[in-house]
Amino acid sequence: MSDVKIEASALSRSYRRADGAEVKALSAVDLRIEAGQFVCLVGPSGCGKTTLLQIIAGLVPPSGGNIVVNGQRVTAPGPSRGMVFQKDSVFPWMRVHANVEYGLSCRGVAKAERQKVAAQYLERVGLSHVAGAWPRELSGGMLKRVAVATVFANGADVLLLDEPFGALDYVTKRQLHDVLLTLWAEGEAGRRRTVVFVTHDVDEAMILADRIVVLRAGRVVDDLAVAADRPRTTDALLLPGMVRIKHILLTHLGLEAAR
Amino acid sequence: MTPRPGWWSRNWASLAAIAAMAGVWEILSFIYTAEAAPGEPMVPGWEIVFGRTLLSLADYWGGGLGVASVAEGAPPSYTAAVLAIISNSFDTIVRLYTGLIAGAAAGTALGLAVSWSPWPRRVVDSPLQFLRTLPLLAMVPLFQLWFGTEFIGKVAFVAYGIGVIFFAGVANAVRNVPQIFIDNARTFGASRATLYRTVIFPAILPELRATMLLALGTGWGAVLGAEYLGAQSGLGYMIVYSEQFAYLDRMFFVALLFVLYASVSYALFDRVSRRLLDWTAKSGQVSATL
Amino acid sequence: MGILLLLALWQALTSVVARSSLPTPLSVAIRIRQDFIHADQLSFYGLNTGLLDSMAYTATNVAAAVLMGAVVGAPLGLVTARFRLLRALVDPVLMTAGTIPIIVLAPFFLIWFGVDRISAMLLVAIFVTVILYVFAQRAADNIDPVYEESAYTLGASRARVVRDVLLPGTVPQILGGIRIALAGAWGLEAIAELMGAQYGIGKIVQLLAGATDVEGIFAALLVLGVVAVACDGLAAWVVARLAVWNQPARTGAE
């Protein structure tokens, strides 16, 4: 099945810097993402990957081109596309469970129902014991779990993650990868959510992605399929096919000379 | 100062708002024609303010510079009026800035002194809080009784008001200097004096900017307050004198002058301090305009 | 301890300065007791009242003015922080009002609205409005945009974002602003009364200043100061309890 979920055509975005110079964050990006795919956007910082994600989310309007999600043109942010931000976005003025319920309450879901859903997702991310806590009482990793639970609870079938685990330590990061993959994989094959995950971490992309799209200077420069089976064990990442992909990615990032 | 391109598009709404305020005032002056005293409209329109009122300010010119005063029997003239405005403004501004400099210097010095080690802070903190809550303007009569109505009385009052603000501002700012800067300087072997000169003083400058803006506002209020209760010159004196005779139009004119001076002093300070504090992050307003 | 030091300093000064210009702490304390319910000196001026009643009058005005100013200023500040055009329109109006000292503004109000409670109240309310407008606007400017973006991506409407993000996110700063406005309001109310009123602490100071009664002025100002400090303490206590989520983190262990 090749049901196109997200389609960007000739997408561009430029903005004016404080000194008046015109900066092109994205130029003529064409990208089709199929339903249920787990796509990682990889590239050096400043390559436009976050901008692309924000355009898909509807937080930033494109300067040119079109972005279509679920067959509808994106004009504003909405609950059909859940977003996990790089910074902590958990509202500090709401208790943890209220944060997870927030999206549902915006859509008018009855209290009992949304409490049930929130409790369910808090359980899946392993935070049932702090449902009644204030966010300030949680660690950085726990806050990320709350953010992930919030977008999953809200039921969006497109998930956008903007370097969500960049600031976490290695162990916490790996735990969150598991949490994310488990939640993503739980829908039976055809009903999986579509994920677009921005990262600059090559290993993270190789653990998570079905497909890695490489951006540089606002353009798509490569598009790699990652066919390895899941779960991707340490050994699996050392298979020749995976090592080859890693070399390609490192070359794109300028860390290895082209061979 | 030549407006940069785009200046209009950024500021047209503010200018429109100011013009609208002026317009509303003029319309009010037509609709609401009640008088505070015979011949003194409650809402003086602009044609009165910049005509009759301006001319009447010649009353406040004491004579000299070849322009005779009204008291000497000369007819009121625009020259005398302008001279009256300049000389009275000058008096007020001199009082303000003398007090401002004295108060800011004394307040900063004291604030740094008590921050030198923890115990004077603890001692000074609560009386300071108390002095700060004592309403400054209500103390005008006290200062008058103590220092008289001469120049020194007004300057002392302004200096006191500003000194307290600076003292509190500096003491607070020193407390807010991140410990990591201090520790870092210590690991380089900085002595206490060096530490103050190279770390603490620069680090509190941005907060001092906010303190200075607050002090400017307080200072303008204080100098007018001091003049209000006993002075023979200055903008505050002009207001008192006008109020006694319910010369609302003259009060209005002085108020306009005041807004002008205050805005200019804020803008100037803002410009200078921005240049001095270029290293601090610009608070770029990244507001989500959704 | 600091207060004791201040008292000692004051006592020491009285031995240097003439008694008529600086009364001793004890004499001021006695004077406060004397004048508390009914001040004889004020009867000469036809004012049959004491410090207690006057303080109550002043405090009522301050409370009403702070309430009025907060209700107008804070929402206006929040809204203008997100609507650029509205901000450009409102900013100059309120900033102009904010730069005019009460001394300049008061005579107009006294003539327009009469030498009455309403004049002083409106004057103080204007300044409180400006302070809270500035505080609320700055708080809304400084709130991390990620919260609003997150709310929008979760499907929140604009109204919900204002209610659930902008308002709670700025509450600590707005409450701080109310504390500052309250602290300033006492002085403004006092000066407004001093310039023209029939009752209040400011009125007492004005009458006694005419009689060069320094002791009486001290007594009145001291009562005002103590009440102001007490109210500030109360406000601090309430603020700490209202913004529960904003208290410093205890521990953040995973």
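Given the structure is predicted, the values throughout are model-derived calculations rather than measurements.

Enquirer: Mind showing me how you'd approach the overall build of chain C here?
Expert: Across its full length, chain C carries 11 helices and 0 strands. For chain C, the α and β elements follow one another from N to C terminus as α-α-α-α-α-α-α-α-α-α-α. C-alpha atoms of chain C, sized along the principal axes, occupy 70 × 55 × 30 Å. Here chain C, with 254 residues, has 53% of them falling under the buried criterion. A sequence separation of at least 24 residues applies to 69% of the contacts in chain C between residues at least 6 apart. Accessible surface, chain C as shown: approximately 11100 Å² in total, 69% of it carbon and sulfur. With 15 positive and 16 negative side-chain charges, chain C shows a separation of 4 Å between the mean positions of the two kinds.

Enquirer: Would you explain the overall build of chain B in this entry?
Expert: When helices and strands are tallied, chain B shows 10 helices and 2 strands. If you list the helices and strands of chain B from N to C, you get α-β-β-α-α-α-α-α-α-α-α-α. Buried residues in chain B amount to 47% of all 290 residues. Across chain B, every contact between residues at least 6 apart in sequence was considered, and the portion connecting residues at least 24 apart equals 68%.

Enquirer: How should I be thinking about helix α2 (residues 25–35) of chain C in this particular structure?
Expert: Every α-helical turn comprises 3.6 residues, leaving residues that sit three or four positions apart pointing alike. Residue and element names in this part refer to chain C. Turning to α2, its buried residues number three or more, namely Pro 25, Ser 27, Val 28, Arg 31, Ile 32 and Asp 35. Angular distribution of buried residues about the axis of α2 spans 160 degrees; they occupy a single face of the element. Residues of α2 that are exposed and point more than 90 degrees away from the buried face comprise Leu 26, Arg 33 and Gln 34.

Enquirer: Which parts of the structure should I look at to understand the sheet that holds strand β4 (residues 64–69) of chain A?
Expert: Strand pairing in a sheet takes place through backbone hydrogen bonds and is either antiparallel or parallel in direction. Residue and element names in this part refer to chain A. As summarised here, the arrangement of the 4 strands in space is β2-β1-β4-β5, forming an open sheet in which the pairing is antiparallel. With one partner strand each, in any of the chains shown, β2 (22–34) and β5 (72–73) form the two edges of the open sheet. This element, helix α1 (residues 49–57), spans β1 (4–16), β2 and β4 of the sheet and lies at about 60 degrees to β2.

Enquirer: Quick question: what am I supposed to make of the packing of helix α6 (residues 151–176) of chain B against helix α8 (residues 192–228) of chain B here?
Expert: Residue and element names in this part refer to chain B. Remark: α6 packs on α8, axes separated minimally by 8 Å, with the N-to-C direction vectors making an angle of 155 degrees. The angle between the axes of α6 and α8 places the two elements in the roughly antiparallel class. Regarding α6 and α8, the two cross each other, and that crossing is right-handed. Here the contact of α6 with α8 is built from residues that sort into 17 nonpolar, 6 polar and 3 charged.

Enquirer: Would you mind showing me how to read the pattern of salt bridges here?
Expert: Close approach of charged atoms allows side chains of opposite charge to pair. Scanning all chains against the criterion turns up 18 salt bridges over all chains. Of the charged contacts, one joins Arg95(B) and Glu227(B) as a salt bridge, the two residues approaching to 2.6 Å between their closest N and O atoms. Within this pair, whereas Arg95(B) is found in helix α3 (residues 78–114), its partner Glu227(B) is found in helix α8, the two being separated by 132 residues in sequence. Note on Arg95(B): relative accessible area 9%, which makes it buried. The partner of Arg87(C) in a salt bridge is Asp141(C), and the shortest N-O contact between them spans 3.0 Å. Highlighted residues: Arg87(C) in helix α5 (residues 84–99) and Asp141(C) in helix α7 (residues 117–142), separated in sequence by 54 residues. When salt bridges that share partners are traced, they join Arg87(C), Asp91(C) and Asp141(C) into one network.

Enquirer: Is there a simple way to think about the sheet that holds strand β10 (residues 219–225) of chain A in this case?
Expert: Residue and element names in this part refer to chain A. Strands sit in the order β6-β7-β8-β3-β9-β10 across an open sheet of 6 strands; the sheet is mixed. Pairing within the sheet leaves two strands with one partner each, and these edge strands are β6 (81–84) and β10. Across this sheet, the average inter-strand angle for adjacent strands is 20 degrees, counted without regard to direction. Strand direction decides the pairing type here: strand β7 (residues 158–162) and strand β8 (residues 194–199), joined by 5 bridges, are parallel. Directly across from Asp 162, in β8, lies its bridge partner Val 198. Lying over the sheet, helix α4 (residues 140–153) contacts β6 and β7, oriented at roughly 180 degrees with respect to β6. Most of the contacts of helix α5 (residues 170–185) go to strand β3 (residues 38–42), to which it runs at about 140 degrees, and overall it touches β3, β7 and β8.

Enquirer: Looking at this model, I keep getting lost on the state of the cysteines. Mind explaining?
Expert: One way to say it: the disulfide is the covalent bond shared by the sulfur atoms of two cysteines. Residues and elements named next belong to chain A. Considering all chains together, one arrives at 0 disulfides over all chains under this definition. Cys 47 supplies the cysteine sulfur nearest to Cys 40, a cysteine that is in no disulfide, at a spacing of 13 Å. Judged by its relative accessible area of 0%, Cys 40 is buried.

Enquirer: Looking at this model, I keep getting lost on the interface of chain B and chain C. Mind explaining?
Expert: The extent of an interface is frequently quoted as the accessible surface area lost upon association of the parts. Each partner contributes to the interface: chain B provides 46 residues, whereas chain C provides 50 residues. Note on chain B versus chain C: buried area summed over both sides is about 4300 Å², and carbon and sulfur give 83% of it. The interface formed by chain B and chain C holds 0 salt bridges in total. Applying the counting criterion to the chain B and chain C interface returns 0 residue pairs in polar contact (both at pLDDT 80 or more). For the side of chain B that touches chain C, the secondary-structure elements that each account for two or more residues are α1 (7–31), α4 (118–133), α5 (140–147), α8, α9 (235–244) and α10 (248–276) of chain B. Looking at which element gives the most residues to the side of chain B that touches chain C, the answer is α10(B), with 8 residues. Classifying every residue of the side of chain B that touches chain C gives 37 nonpolar, 8 polar and 1 charged.

Enquirer: Explain the environment of Gly176(C) to me, please; I cannot follow it from the model alone.
Expert: Residues and elements named next belong to chain C. Relative to the elements of secondary structure, Gly 176 occurs in helix α9 (residues 158–195). Looking at Gly 176, the relative accessible area reads 26%, which means it is partly exposed. Taking the C-alpha atoms as reference points, Gly 176 and Val 239, separated by 63 residues in sequence, lie 7.6 Å from one another.

Enquirer: Can you help me understand the packing of aromatic side chains in this one?
Expert: How two aromatic rings sit relative to each other is given by the distance of their centres and the angle of their planes. Within this structure, the stated rule accounts for 20 aromatic pairs over all chains. Aromatic ring contacts, followed pair by pair, group Trp25(B), Phe252(B), Phe108(C), Phe109(C), Trp112(C) and Phe113(C) into a single cluster. The ring of Tyr121(A) carries Arg124(A) above its face, with NZ or CZ at 5.2 Å from the centroid.

Enquirer: What's the story with the environment of Thr51(A) in this structure? I'm lost.
Expert: All names here are of chain A. Inspection of the secondary structure assignment puts Thr 51 in helix α1. Judged by relative accessible area, Thr 51 falls into the buried class, the value being 17%. For Thr 51 and Lys 111, which are 60 residues apart along the polypeptide, the C-alpha to C-alpha distance reads 35 Å. Not counting residues up to four positions away in its chain, the partners in contact with Thr 51 are Arg 13, Ala 25 and Leu 26.

Enquirer: What should I look at first to understand the side chain of Asp164(C) in this one?
Expert: Among the secondary structure elements, Asp164(C) is positioned in helix α9. Within polar-contact distance, the side chain of Asp164(C) engages the side chain of Tyr102(A) at 2.8 Å.

Here is what the cut-offs are and how they apply
- Residues numbered from 1 in each chain as written.
- Chains lettered and ligands numbered in written order.
- Predicted model: local features only at pLDDT ≥ 70, side-chain atom pairs only at ≥ 80, totals over all residues.
- Heavy atoms only, no water.
- Helix = DSSP H or I, 4+ residues; strand = E, 2+ residues; numbered from the N terminus.
- Buried < 20%, exposed > 50% of the residue type's maximum accessible area, 1.4 Å probe, protein only.
- Contact = heavy atoms within 4.5 Å.
- Areas by Shrake-Rupley, 256 points an atom, 1.4 Å probe, with all protein chains shown as cover.
- Lys, Arg positive; Asp, Glu negative; His and termini not counted.
- Charge placed at Lys NZ, Arg CZ, Asp CG, Glu CD.
- Arc of directions from axis to C-beta.
- Pairing = 2+ DSSP bridges.
- Axes fitted to C-alpha atoms, helices over the stretch in contact; angles between N-to-C directions.
- Parallel < 35°, antiparallel > 145°, perpendicular 65-115°, else oblique.
- Left-handed = near helix turned anticlockwise from the far one by under 90°.
- Nonpolar A, V, L, I, M, F, W, Y, C, P; charged D, E, K, R; others polar.
- Salt bridge = Lys/Arg side-chain N within 4 Å of Asp/Glu carboxyl O.
- Disulfide = S-S within 2.5 Å.
- Buried area = accessible area lost by both parts, 1.4 Å probe.
- Polar contact = N/O pair within 3.5 Å; in protein donor to acceptor, adjacent residues only side chain to side chain.
- Phe/Tyr/Trp six-rings, centres within 6.5 Å; stacked < 30°, edge-to-face > 60°.
- Lys NZ or Arg CZ within 6 Å of the ring centre and 35° of its normal.

So far we have only geometry, and geometry alone does not tell us how the molecule works.
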